[in-house]
Amino acid sequence: MSTAAQRVEYLRELGRFDDAEREARTALAAEPQDATLLVALAAVLLGAGRHAEGLAAADAATAAAPQDERVHRLRGLLLSYMGRHHEAVQAGYTAVSLAPEEPYAATGYARVLQRAGRLTDAMTVAHRLVALAPNSAASHFLLADVASDLGDRRTARASYAEVLRLDPQHAAARHDLAVLDARSHRPARALAGLVDAGTMDPSMPQVLQTVTAVLWQLSWRLRMWLAVATVIAVFSGSGTEPSWSARITAAAILLASAALAWLTVRDLPAGTRPVVRAALRTDGPLRFTWIATGVCLAVYAVVAVTGLRVLVVIVWLALALLGWLTLGVRIVRSARRRG
Amino acid sequence: MLSARTNVSKVECVPLKLAESHRIGILDPMPDDALLTSLLSAVEAAPGDVPLRLHVAELLADRGRLPEALAHCTQAITHDAANPAALALLHRLTSAISTPEPPVFDWTSAEEQVADIEPPEFAHVEDPAPAPTIEDIERPTVTLADVGGMEQVKERLELAFLGPMRNPQLAKAFGKTLAGGLLLYGPPGCGKTFLARAVAGELGARFYNVGISDVLDMYVGASERNLSQIFDAARRNAPCVLFLDEIDALGQKRSHLAHSTSMRNVVNQLLSEMDSLGGAGDGVFVLGATNHPWDVDNALRRPGRFDRMLLVLPPDAAARASILRYHLRDRPVAQIDVDKIVRATEHFSGADLAHVCTTAAERGLAASMRAGQLRPLTTADLEAAVREIRPSTGPWFSTARTVTAFGNADGSYDDLAAYLRKNKKL
Ligand SMILES: Nc1ncnc2c1ncn2[C@@H]1O[C@H](COP(=O)(O)OP(=O)(O)OP(=O)(O)O)[C@@H](O)[C@H]1O
Ligand SMILES: [Mg+2]
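Residues numbered from 1 in each chain as written. Chains lettered and ligands numbered in written order. Predicted model: local features only at pLDDT ≥ 70, side-chain atom pairs only at ≥ 80, totals over all residues. Heavy atoms only, no water.

**Q** I'd like to hear about the domain arrangement of chain B, residue by residue, with values.
**A** All names here are of chain B. What the domain assignment lists for chain B is domain 1 (2–26 + 36–98), domain 2 (135–311) and domain 3 (317–388). In this structure, domain 2 and domain 3 have C-alpha centres spaced 33 Å apart. The interface is formed by six residues belonging to domain 2 together with six residues belonging to domain 3. For the domain 2 and domain 3 pair, buried surface summed over both sides reaches about 340 Å², with 64% attributable to carbon and sulfur atoms. The largest share of the area that domain 2 buries against domain 3 comes from G148, G149 and G189, three residues that together contribute 71% of it. Applying the counting rule to domain 2 against domain 3 returns zero salt bridges. (Domains from an automatic or database assignment. Contact = heavy atoms within 4.5 Å. Buried area = accessible area lost by both parts, 1.4 Å probe. Salt bridge = Lys/Arg side-chain N within 4 Å of Asp/Glu carboxyl O.)

The following block contains the structure:
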């Protein structure tokens, strides 16, 4: 590899895409047909998310070195990010045909298949990749990722564990494993994993977003429990007079809530609190939901003291309001994501 | 809310480091492509080929590179004075250049072009920070007095660094060791490099700037110079401030460098060089700067190495005023209300302010070209430029928010956390 191309690669690896691009373009001015430089430039533009421009560079590289596997691999990835899945898969296939033993080619092909929705094929290629490079964390990470998309949680979990064994600081694997925990309805475990992932690489922006999602999940659980408890409280007696049965029911609900909360938080790492606070700060409706849920618990505390069962109506109203709010937020956000 | 959870996208396959720095980097689009590049070299090979040259000029014009297009067009006309296509293009280009606001216009070269006409006024428009190379062990003339505002940073520098350097005996009496460096960190373009140079000036020491391009040379083995030679040279030139700019590149977390042995070797070398420095006795003071201290290998932050961090925030009002004055000093200006601009540019970095001034100068230049005579810059030009430019520090602060949430267990980002609490909207 020429020195210039090496410099471009290093700059890309450091995430300095604009410097890398400048370096590549300067070198290309002297040697416009240098395939290695063109590939390096395409990789930089892929990293920078400038897919159309990257594709132009990759196309130029194809003309210069049609037998070079990297060219087709990059073209495939770029096309895939541009949503041109059919061509992307073709390019990826060309890459693996040219270099059947090359792990990077297999990685590219698997990614392209995965993004095209051909998960079973992607899985096959991922297994092949693991066979080609069994000691690379990246291979197992890819397999885990595809397996988790495919809903094969057992393979996914085992592969994430393997990634973390090979590279204990692999923050993305830690994060994605936590996502898997959240999907398996283990929010507390997910939260602990996310705090870990964030500590490994605090500059990864996705982690805080996932924490927010897990907090929504937790709040939903808490509200479900409160709804059940409120039904019990309403049907366990009647009347507007203070009563001991109301006091006892409310106290029991509070105790059960405390026990549930303790079960949830007892295994959380020490650094969880600032993370939760930061996540709540980024999401207003979530913050409101938690505050309102806290108010519901406070109402039960009042009932436990005064014995006034009618106050439970407040909890009902609050839970109903929160239900509508959650629904509204969900609709607005998924519309925004699509639009 | 379940949908939020199930839709959480898994971390993308793009290597993480890339995904992250992508958010921080300001990518300036270069309207360039492989076709054009190859055509340009074809033109060089065949300077007399008029149709080819015209084609290139057309392409350049399409990409908004009007001055270059114009140059090729005039070349073509010198070869074939009567060529109707060339004349038509010339007409098109000249009228495009004189229209009020051409879409993309290479103002830097335009300003270079008028440099002869309108003496030195526009000659120094470039950013004053030169590309550092190892050869320039310089004696900086700037001191902290040249740094506008930023009183807190100056005070911390004085207490933590300059004071002990000036009074080694006193520092020793209090058991303060002079070994170890100081790491400046903060959003891009907010004066870290500038401050380091001023510190050297303040100490009357030489300034040895090791930048990213030196580091790359080390990686690719393109230069004989390696870190130990750099440290040796610094010792020979003592008293000397050895400034390791962009230390995140030099001292990248080794876990991030799984594939790159040569990069990891450089980190290890840096660790041992830092340990070899014997405090003030050597007369070498190490300063580092980075936008991403969280990417710096933890081993580099241990005692005796970069054990102190200093947050350099976007310039405060006084600093902004002095930066604006600096960038306007050689430009034709007419009674500019600097305070008004200062108030409108909170959270702007030093580099953003330079950008504001350049943009305003472009407007002034355009107006002057239209009027056929020099029209000095006005407050309105600057205000219009401020409206066009968004502060570039936003992405940095959003990363910083995550970092303070996850990575501040040891309190090393307390300053940053406090600033973020005060500026909730950032
Ligand atoms: N307080 C200040 N007084 C005068 N000029 C300043 C001040 N702060 C910044 N500047 C100017 O801002 C410009 C950018 O500063 P500098 O290059 O030092 O930033 P940096 O933090 O090193 O940026 P980067 O992260 O991009 O390396 C410089 O040209 C400098 O002159
Ligand atoms: Mg700098």
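Alright, that's what it looks like, and here's the rest.
**Q** So what's going on with unusual backbone geometry? Which residues, and what values?
**A** One non-glycine residue, H185 of chain A, lies in the positive phi region at around 60°. Of note, H185 of chain A is situated in the loop between α11 (171–183) and α12 (187–200). At E246 of chain B, a position not held by glycine, the phi torsion is positive, near 50°. Among the secondary structure elements, E246 of chain B is positioned in the loop between β4 (240–244) and α13 (247–250). (Helix = DSSP H or I, 4+ residues; strand = E, 2+ residues; numbered from the N terminus.)

**Q** Mind laying out the sheet that holds β4 of chain B, listing which residues take part and the relevant values?
**A** Residue and element names in this part refer to chain B. Taken together, the six strands give an open sheet; going across it, the order is β1-β3-β4-β5-β2-β6, and neighbouring strands pair in mixed fashion. The open sheet has two free edges, formed respectively by β1 (137–138) and β6 (308–311), since each of these has just one partner strand. Sheet topology places strand β3 (residues 206–210) next to β4; five bridges connect them, and they run parallel. Across the sheet, the residue bridging to V210 is L244, located in β4. (Pairing = 2+ DSSP bridges.)

**Q** Requested: an account of the site of ligand 1, with residues and values cited.
**A** Residues and elements named next belong to chain B. Every one of the 17 residues lining ligand 1 counts as a neighbour, but G189, K192, T193, F194 and N291 are closest to it. At 2.9 Å from an oxygen atom of ligand 1 is found a main-chain nitrogen or oxygen belonging to G189. Within the side chain of N291, a nitrogen or oxygen atom sits 2.9 Å from an oxygen atom of ligand 1. Burial of ligand 1 by the surrounding chains reaches 88%, relative to a free accessible area of 630 Å². For the shell around ligand 1, the secondary structure elements donating two or more residues are α10 (192–203) and α15 (317–328). Looking at the shell around ligand 1 residue by residue, the classes come out as eight nonpolar, seven polar and two charged. In this structure, the shell around ligand 1 is formed jointly by two domains, domain 2 (135–311) and domain 3 (317–388), each of which donates at least three residues. (Near = heavy atom within 4 Å. Polar contact = N/O pair within 3.5 Å; in protein donor to acceptor, adjacent residues only side chain to side chain. Areas by Shrake-Rupley, 256 points an atom, 1.4 Å probe, with all protein chains shown as cover. Nonpolar A, V, L, I, M, F, W, Y, C, P; charged D, E, K, R; others polar.)

**Q** I'd like a rundown of the state of the cysteines, residues and numbers included.
**A** One covalent bond between the sulfur atoms of two cysteine residues makes up a disulfide. By the definition in use, this model includes zero disulfides over all chains. A disulfide-free cysteine, C190 of chain B has its sulfur positioned 15 Å from the sulfur of C357 of chain B, the nearest such atom. (Disulfide = S-S within 2.5 Å.)

**Q** Can you lay out the pattern of salt bridges for me, pointing to particular residues and giving the numbers?
**A** Counted under the stated rule, the structure contains 31 salt bridges over all chains. Here D68 of chain A ties to R70 of chain A by a salt bridge, and the two come within 2.6 Å at their closest N and O atoms. Here R329 of chain B ties to D330 of chain B by a salt bridge, and the two come within 3.7 Å at their closest N and O atoms. Each member of the salt-bridge network shares a partner with another, and the members are E21, R25, R50 and E53 of chain A.

**Q** Go over helix α16 (residues 284–306) of chain A with me, naming the residues and quoting the values.
**A** Residue and element names in this part refer to chain A. Over its 23 residues, α16 runs 33 Å from end to end, which matches the ideal 33 Å to within 8%, given 1.5 Å per residue. Of the positions making up α16, those classed as buried are L286, T289, A292, T293, C296, V299, Y300 and V303. Here the buried face of α16 lies against α13 (206–235), α14 (244–265), α15 (272–282) and α17 (312–338). (Expected span 1.5 Å × (residues − 1). Buried < 20%, exposed > 50% of the residue type's maximum accessible area, 1.4 Å probe, protein only.)

**Q** Quick rundown of the confidence of the model for chain B? Include the residues and the values.
**A** Predicted coordinates in regions of low pLDDT should not be interpreted in detail. Residues and elements named next belong to chain B. The share of residues in chain B with pLDDT of 70 or more is 74%, and the mean pLDDT across the chain is 74. For chain B, the element scoring lowest by mean pLDDT is helix α2 (residues 16–24), at 24; strand β2 (residues 182–185) scores highest, at 92. Interface confidence in the predicted complex, given as ipTM, is 0.76; pTM for the same model is 0.74. (pLDDT = per-residue confidence, 0-100.)

**Q** I'd love a proper account of the domain arrangement of chain A, names of residues and values included.
**A** Residue and element names in this part refer to chain A. Along its sequence, chain A is organised into domain 1 (3–185) and domain 2 (209–338). Look at where the C-alpha atoms of domain 1 and domain 2 centre, and you get two points 44 Å apart. Each partner contributes to the interface: domain 1 provides four residues, whereas domain 2 provides four residues. Here domain 1 packs against domain 2, burying approximately 310 Å² in sum over the two surfaces, 43% of which is carbon and sulfur. Summed over the three residues of domain 1 that lose the most area to domain 2, namely H175, A182 and H185, the buried surface amounts to 87% of that side. Viewed at the interface, domain 2 and domain 1 are joined by zero salt bridges. Counting the contacts that link domain 1 with domain 2 gives three residue pairs in polar contact (both at pLDDT 80 or more).

**Q** If you had to explain the nonpolar core to someone new, which residues and values would you point to?
**A** One recurring pattern in soluble globular proteins is that nonpolar side chains are buried together. Formed by 108 residues in total, the largest nonpolar core has its most connected members in L242, L244 and L270 of chain B. For this core, the element with the highest residue contribution is helix α3 (residues 35–47) of chain A, accounting for ten residues. Dropping the residues within four chain positions of it, L242 of chain B is found in contact with Y208, V210, I230, F231, A234, V284, F285, V286 and L287 of chain B. Counting residues in hydrophobic clusters, the runner-up holds 26 residues, among them A171, A190, V195 and L268 of chain A. (Core = buried A, V, L, I, M, F, W, Y, C linked by side-chain atoms within 4.5 Å.)

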